[in-house]
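# Structural description and commentary
So the chains spell out like this:
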Amino acid sequence: MIGRLNHVAIAVPDLEAASAQYRTTLGADVGPPQDEPDHGVTVVFITLPNTKIELLYPLGEDSPIRGFLDKNPSGGIHHMCFEVEDILAARDRMQAEGARVLGSGDPKIGAHGKPVLFLHPKDFNGCLIELEQI
Ligand SMILES: CC[C@H](C(=O)O)C(=O)SCCNC(=O)CCNC(=O)[C@H](O)C(C)(C)COP(=O)(O)OP(=O)(O)OC[C@H]1O[C@@H](n2cnc3c(N)ncnc32)[C@H](O)[C@@H]1OP(=O)(O)O
Ligand SMILES: [Co+2]
């Protein structure tokens, strides 16, 4: 069911500083900030040979990552995103297995213009999981 690791997301307290660190200290290929108002975040993608890093910064008052950054003021790994071929089939299977799908349960269009869903971290060993349909 889950396929490639599409990205690992890190919530950061300072998007510009984190972008500069990956670009300068780590010499990585860092993209531009992308506002994603439908998701309450601004994201920066860092392209690696085998996956991506997604830097996340809160956008708007009710950003879903505000609580995470309050608890982790210097930032932290926020979620992992796995690719799936059919996100509705994946959702139905996860729900049948007892996993909680966050939000309405209907996919939203994510940062790559593809449908995404999130699974509750408490159901996956404390790891927030995002599914993205390829
Ligand atoms: C543009 C889209 C982009 C893309 O890739 O396409 C994105 O990735 S958008 C990313 C931002 N959007 C989301 O994260 C949506 C899904 N997330 C949520 O709905 C919330 O973040 C939620 C429900 C996971 C947590 O919300 P909140 O922190 O406000 O709730 P609680 O404080 O009640 O937390 C409950 C419980 O879970 C623990 N927690 C929270 N966040 C995480 C996390 N990222 N990883 C692991 N655990 C997490 C929190 O500490 C609480 O645990 P407890 O032991 O009860 O204290
Ligand atoms: Co993501």
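Right above here is the structure, for reference.
Description of the structure in this document. As the structure is a computational prediction, the values presented were derived from the model and not from experiment.

In this section: the side chain of glutamate 132. Considering the arrangement of structural elements, one finds glutamate 132 in strand 9 (residues 128–133). The charged side chain of glutamate 132 is buried without a salt bridge, its nearest counter-charge being lysine 114 at 4.6 Å.

Turning to the coordination of the cobalt ion (ligand 2), a few remarks are in order. Metal coordination angles in their ideal form are 109.5 degrees for the four-donor tetrahedron and 90 or 180 degrees for the six-donor octahedron. Distances from the cobalt ion (ligand 2) to its protein donors, His7 (NE2), Glu54 (OE), His79 (NE2) and Glu130 (OE), fall within 2.1 to 2.3 Å. Considering all six donor atoms around the cobalt ion (ligand 2), angles at the metal cover 79 to 169° and the coordination shape is octahedral. Read from N- to C-terminus, the donor residues coordinating the cobalt ion (ligand 2) fall into the pattern H-x46-E-x24-H-x50-E. Of this pair, glutamate 54 sits in strand 5 (residues 52–58) while glutamate 130 sits in strand 9, and the two are 76 residues apart along the sequence.

Turning our attention to the layout of surface pockets. Empty space among the atoms becomes visible once a probe the size of a water molecule is rolled across them. Here the largest pocket defines a volume of roughly 710 Å³. Of all elements in the fold, only strand 4 (41–47), strand 5, strand 6 (76–84), strand 8 (115–119) and strand 9 reach the threshold of two or more residues within the lining of the largest pocket. Per-element accounting of the lining of the largest pocket gives the leading share, four residues, to strand 6. Looking at side-chain class alone, the lining of the largest pocket contains 18 nonpolar, nine polar and eight charged residues.

The complete set of buried residues in helix 1 (residues 15–25) reads Leu15, Ala18, Ser19 and Tyr22. Viewed end-on, helix 1 has its buried residues packed into an arc of 100°, placing them on one side of the element. In helix 1, the exposed positions that point more than 90 degrees away from the buried face belong to Glu16, Thr24 and Thr25. Packing partners of the buried residues in helix 1 comprise strand 1 (5–11), strand 2 (29–30), strand 4 and strand 5. For helix 1, the N-terminal capping position is held by aspartate 14, with its side-chain oxygen 3.2 Å away from the main-chain nitrogen of glutamate 16. With its phi angle positive at about 65°, glycine 27 sits one or two positions after the end of helix 1.

The rules behind these values
Residues numbered from 1 in each chain as written. Chains lettered and ligands numbered in written order. Predicted model: local features only at pLDDT ≥ 70, side-chain atom pairs only at ≥ 80, totals over all residues. Heavy atoms only, no water. Helix = DSSP H or I, 4+ residues; strand = E, 2+ residues; numbered from the N terminus. Buried < 20%, exposed > 50% of the residue type's maximum accessible area, 1.4 Å probe, protein only. Lys, Arg positive; Asp, Glu negative; His and termini not counted. Salt bridge = Lys/Arg side-chain N within 4 Å of Asp/Glu carboxyl O. Donors = N, O, S within 2.8 Å, 3.2 Å for Na, K, Ca; no water. Tetrahedral: all angles 85-135°; square planar, octahedral: opposite > 155°, others 65-115°. 1 Å grid on protein atoms, 1.4 Å probe; cavity = no way out; pocket = protein on both sides within 12 Å on 5 of 7 lines; lining within 4 Å. Points joined across faces, edges and corners; volume = space filled by probe spheres on them. Nonpolar A, V, L, I, M, F, W, Y, C, P; charged D, E, K, R; others polar. Arc of directions from axis to C-beta. Contact = heavy atoms within 4.5 Å. Polar contact = N/O pair within 3.5 Å; in protein donor to acceptor, adjacent residues only side chain to side chain.

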